[in-house]
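Take a look at the letters that make up each chain.
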Amino acid sequence: MNLFKPSHIIFLLIVVILLFGYRKLPDIARSVGQSMKVFKKEVKELRDDDSKGSQAQIQQPQEGTYYTEPTQDGQTASQGTDSSTQK
């Protein structure tokens, strides 16, 4: 059961030429080629991102380790003096 016989391909080419004209066929082929190039590039980038993401591990702090965020003046909240006692 051969679906693509040479006569089928010739018939499809004739129909395409009648629909689009022989002058537009190179432009159509060029745009399809560029679209496929962009699509392959994006798929490759997604695969690379996935492989990099699975290799990188997020480090979580151990229990008992506490992080204090710095205040506006650059000191941590646990350091320094109370602002009401400075006056």
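Please read these numbers as outputs of a predicted model, since none were measured by experiment.

Asks: Residues and numbers for the pattern of salt bridges, please.
Replies: Enumeration over the complete set of coordinates arrives at one salt bridge. The partner of aspartate 27 in a salt bridge is arginine 30, with the nearest N and O atoms 2.9 Å apart. You can see aspartate 27 and its partner arginine 30 sitting in helix H2 (residues 25–55), three residues apart, about one turn around the helix.

Asks: How would you summarise the UniProt feature "transmembrane region" (unreviewed entry) in the protein if you had to cite specific residues and measurements?
Replies: The residues that UniProt annotates with the feature "transmembrane region" (unreviewed entry) are residues 6–22. Within residues 6–22, the helical portion is 88% and the strand portion 0%, while the C-alpha atoms at the span's ends are 20 Å from each other.

Asks: Please provide a residue-by-residue account of helix H1 (residues 6–20), values included.
Replies: Here H1 contains 15 residues, and its C-alpha end-to-end distance of 21 Å stays within 8% of the 21 Å for a straight helix at 1.5 Å per residue. One or two positions beyond H1, positive phi appears at glycine 21, with a value near 85°.

Asks: Any details on a nonpolar patch on the surface? Residues and values, ideally.
Replies: A contiguous nonpolar surface patch, about 940 Å² in accessible area, is contributed by Phe11, Leu12, Val15, Val16, Leu19, Phe20, Ile28, Val32, Met36 and Phe39. Of all the elements in the fold, those that place two or more residues in the nonpolar patch are H1 and H2. Within the secondary structure, valine 15 sits in helix H1.

Rules used throughout
- Residues numbered from 1 in each chain as written.
- Predicted model: local features only at pLDDT ≥ 70, side-chain atom pairs only at ≥ 80, totals over all residues.
- Heavy atoms only, no water.
- Salt bridge = Lys/Arg side-chain N within 4 Å of Asp/Glu carboxyl O.
- Helix = DSSP H or I, 4+ residues; strand = E, 2+ residues; numbered from the N terminus.
- UniProt positions renumbered as here; feature names shortened; annotations may be inferred.
- Expected span 1.5 Å × (residues − 1).
- Patch = residues over 30% accessible without salt bridge, like charges linked within 9 Å, V, L, I, M, F, W, Y side chains within 5 Å.
- Areas by Shrake-Rupley, 256 points an atom, 1.4 Å probe, with all protein chains shown as cover.

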